[in-house]
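Commentary on secondary and tertiary structure
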Amino acid sequence: MIKRQINLIPSEMTVPTRIVNLSKLIYKVSIIGTIALILIVITLISSLVYFNIQYRNSIANTNILKTKIADLEKSEQKLVLAKDKLSKIVYIKSINSVDNELINFQDFKNSISSPSGITFTEISIDPIKTETSLVFQNTEDLSNTLGIIQKLTKYKSIILSSLGFNLSSGYLISLVFR
Amino acid sequence: MNITKGEISFLIKPVIFLVVLIILFILLISIGIRQVTLAIGKIDESKKVETALNQKITILQKVSQVISGDTTFLDMVVPSKTAVLYGLSQVKNQAYKSGLLISNIKTGTPVADKNNIYKTSISFDVDGNEIAIYDYLKSFSRVIPLMNVEKVKISNSGSVARATATLSVYSSELPKTIPSISSVAVDLTDEELSLLNELVSYTLPVFAEPKATEQQVKEDPFN
């Protein structure tokens, strides 16, 4: 027996096939979208849970490390003190002292030392300059010394501030080494 | 293309469903991504702190090996207290070693310098052999506490020379605060380590240690 489909709805009330197809398509898209939405929700929640666990682990590790650092408090005190003192030591060592002037002047003095003819009366040394006065009994010692002074390379300038002659002591010169 | 009322009412349900879905999608994506980004940011920050703390532990363990003893030695190089006493000890001990005679010792009051450092001057006269005086004055560049020869006048009178010298001895207060636990620790640099090694070779001040008097055994008057 052949089945017959009978449609009793009036033809003006029937929904066109394209609208039915569009509705079906929208439903299909909606269902796929719902599934995707559920998957995204699951992914987001699980990743948030994962990140939260990781964060908690990291916080726990940080707390353990902080306890370790608290145990090393003495070492930290040493480090802070050492850093502080060393920075100050570096500064103090950078302050000018007379050391270089002393060495340079001693070298000069050693180079001109004459057993009898030359006398250093007074030497004044500070970090910037050295002032001295020399007495010569004869012109030969004077000219030899001036020759040595001319060849000195350790000073930027050497000023002959005075030159005098006295019958009793001899030639007197005052020098400023910078 | 004309759409009838019947067609609209037929489509309205799935369209509303789709629109709600799209709105939910947008909300979920925006909120979800923001939350995930925040969580990743928190983890990154926490990891950074973790790394810094790990580095700090390594540095502190290394420091405890490098500076194995206490830091009294460093506190003597630039003392926080009694710098002048240490300085005077060096002035006298170095002179004694060189066979020189010290007189007219005068000390000044501490004067504030840069970097929370205080400078106190010590002036004195020293008599003796001229070469020994030069060596004596140069020896202050390698003594503890750190001292500086500021100026010197040397005069000769026959075989004996006399120098009038002014030295500076430096002092500094100890640091008053310790950085917080989570702060970054900076390791000692190579320059600082070599400076530490250099300082070890410097001459320390010498102080006489008072000896305890020996207990005398009293005689028993009854035996």
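Just so it is clear, the model here is predicted, and its values are computed rather than measured.

A tally of regular secondary structure across chain B gives five helices and five strands. Moving toward the C terminus, one meets the helices and strands of chain B in the order α-α-α-β-β-β-α-β-β-α. What you see for chain B is a C-alpha radius of gyration of 38 Å, clearly larger than the 17 Å of a compact globule of 223 residues, by over 25%. Here the C-alpha coordinates of chain B stretch approximately 130 × 70 × 30 Å along the principal axes. When burial is assessed residue by residue, chain B has 19% of its 223 residues classed as buried.

A tally of helices and strands in chain A yields four helices and four strands. Beginning at the N terminus, the succession of helices and strands in chain A can be written as α-α-α-β-β-α-β-β. In terms of C-alpha radius of gyration, chain A reaches 51 Å, well past the compact-globule figure of 16 Å for 178 residues. Along the three orthogonal principal directions, the C-alpha set of chain A runs to about 160 × 45 × 25 Å. Burial statistics for chain A: of 178 residues in total, 17% are counted as buried.

All right, on to helix H1 (residues 5-66) of chain B then. Its 62 residues place the ends of H1 of chain B 90 Å apart at the C-alpha level, agreeing with the 92 Å of an ideal helix rising 1.5 Å per residue. In the structure, H1 of chain B departs most strongly from a straight axis at Ile12 of chain B, where the bend amounts to approximately 40° and where the proline Pro14 of chain B lies between one and four residues downstream. The set of residues buried in H1 of chain B consists of Leu53, Lys56, Leu60 and Val63 of chain B. Considering only its buried residues, H1 of chain B is in contact with helix H1 (17-71) and helix H2 (73-94) of chain A.

Attention now goes to the domain arrangement of chain A. The domains assigned to chain A are domain 1 (15-95) and domain 2 (99-177). Using only C-alpha atoms to locate each centre, domain 1 of chain A and domain 2 of chain A end up separated by 76 Å.

Between chain A and chain B, the residue contacts involve 59 residues of the former and 63 residues of the latter. Elements represented by at least two residues in the side of chain A that touches chain B include exactly H1, H2, helix H3 (99-112) and strand E1 (118-125) of chain A. Looking at the side of chain A that touches chain B element by element, the count peaks at 28 residues for H1 of chain A. By the bridge criterion, four bridges tie E1 of chain A to strand E4 (residues 147-157) of chain B in an arrangement that is antiparallel. The partner of Ile123 of chain A across the bridge, within E4 of chain B, is Ile154 of chain B.

Let us now look at the domain arrangement of chain B. If you check the domain split of chain B, you get domain 1 (7-66) and domain 2 (72-174 + 187-200). A straight line from the C-alpha centre of domain 1 of chain B to that of domain 2 of chain B covers 63 Å.

What follows concerns the nonpolar core. With 48 residues, the main nonpolar core has Ile133, Leu137 and Val152 of chain B as its most contacted residues. Ranked by residue count, the leading element in this core is strand E5 (residues 160-172) of chain B, at six residues. Those residues in contact with Leu137 of chain B that lie beyond four places of it in its chain are Leu102 of chain A together with Val149, Val152 and Ala165 of chain B.

Here the focus is the environment of Leu137 of chain B. Relative to the assigned elements, Leu137 of chain B resides in helix H4 (residues 130-139). Under the C-beta neighbour-count criterion, Leu137 of chain B is labelled buried, with 24 such atoms within 10 Å.

A few words now on the pairing of E1 of chain A. Residues and elements named next belong to chain A. By the bridge criterion, six bridges tie E1 to strand E2 (residues 130-136) in an arrangement that is antiparallel. Looking across to E2, one finds that Ser124 is bridged to Glu131. The hairpin formed by E1 and E2 contains four residues between the paired strands.

With the exception of glycine, most residues fall at negative phi, and the peptide bonds are largely trans. With an omega of 5°, the peptide bond running from Ile144 of chain B to Pro145 of chain B counts as cis. Within the secondary structure layout, Pro145 of chain B lies in the loop between H4 and E4.

Attention shifts here to the packing of H3 of chain A against H4 of chain B. At a minimum axis separation of 10 Å, H3 of chain A and H4 of chain B run at an interaxial angle of 155°. Compared by their axis directions, H3 of chain A and H4 of chain B come out roughly antiparallel. Crossing angle aside, the handedness with which H3 of chain A passes H4 of chain B is left-handed. Packed against H3 of chain A, whose contacting residues are Asp99, Leu102 and Gln106 of chain A, the element H4 of chain B presents Tyr134, Leu137 and Lys138 of chain B at the interface. The residue makeup of the contact of H3 of chain A with H4 of chain B, split by class, is three nonpolar, one polar and two charged.

The next subject is the confidence of the model for chain B. Predicted coordinates in regions of low pLDDT should not be interpreted in detail. All names here are of chain B. Taken as a whole, chain B shows an average pLDDT of 86; of its residues, 92% reach a score of 70 or greater. Taken element by element, the predicted model of chain B shows its lowest mean pLDDT in helix H2 (residues 72-77) (83) and its highest in strand E3 (residues 117-128) (94). The ipTM value of the predicted complex is 0.75, and its pTM value is 0.72.

Along H4 of chain B, the residues that are buried comprise Ile133, Tyr134, Tyr136 and Leu137 of chain B. Buried residues of H4 of chain B, viewed axially, fall in a sector of 160°; they line one side. Residues of H4 of chain B that are buried in the fold lie against H3 of chain A together with helix H3 (83-98), E3, E4 and E5 of chain B.

Bringing the packing of H3 of chain B against H4 of chain B into the picture now. The geometry of a pair of packed helices is captured by two quantities: the angle between their axes and the separation between those axes. Residue and element names in this part refer to chain B. Between H3 and H4, the least distance of the axes is 10 Å, while the angle of their chain directions is 145°. Of the two possible hands of crossing, H3 and H4 adopt the one that is right-handed. Contacts between H3 and H4 involve Gln94, Ala95 and Ser98 from the former and Ala132, Asp135, Tyr136 and Ser139 from the latter. Residues belonging to the contact of H3 with H4 are distributed by class as follows: three nonpolar, three polar and one charged.

Thresholds, definitions, all that
Residues numbered from 1 in each chain as written. Chains lettered and ligands numbered in written order. Predicted model: local features only at pLDDT ≥ 70, side-chain atom pairs only at ≥ 80, totals over all residues. Helix = DSSP H or I, 4+ residues; strand = E, 2+ residues; numbered from the N terminus. Rg over C-alpha atoms; globule rule 2.2 N^0.38 Å. Buried ≥ 20, exposed ≤ 12 C-beta atoms within 10 Å, placed from the backbone. Expected span 1.5 Å × (residues − 1). Bend = angle between axes of the 7 residues up to and from the residue. Contact = placed C-beta atoms within 7 Å. Domains from an automatic or database assignment. Pairing = 2+ DSSP bridges. Core = buried A, V, L, I, M, F, W, Y, C linked by C-beta atoms within 7 Å. Axes fitted to C-alpha atoms, helices over the stretch in contact; angles between N-to-C directions. Parallel < 35°, antiparallel > 145°, perpendicular 65-115°, else oblique. Left-handed = near helix turned anticlockwise from the far one by under 90°. Nonpolar A, V, L, I, M, F, W, Y, C, P; charged D, E, K, R; others polar. pLDDT = per-residue confidence, 0-100. Arc of directions from axis to C-beta.

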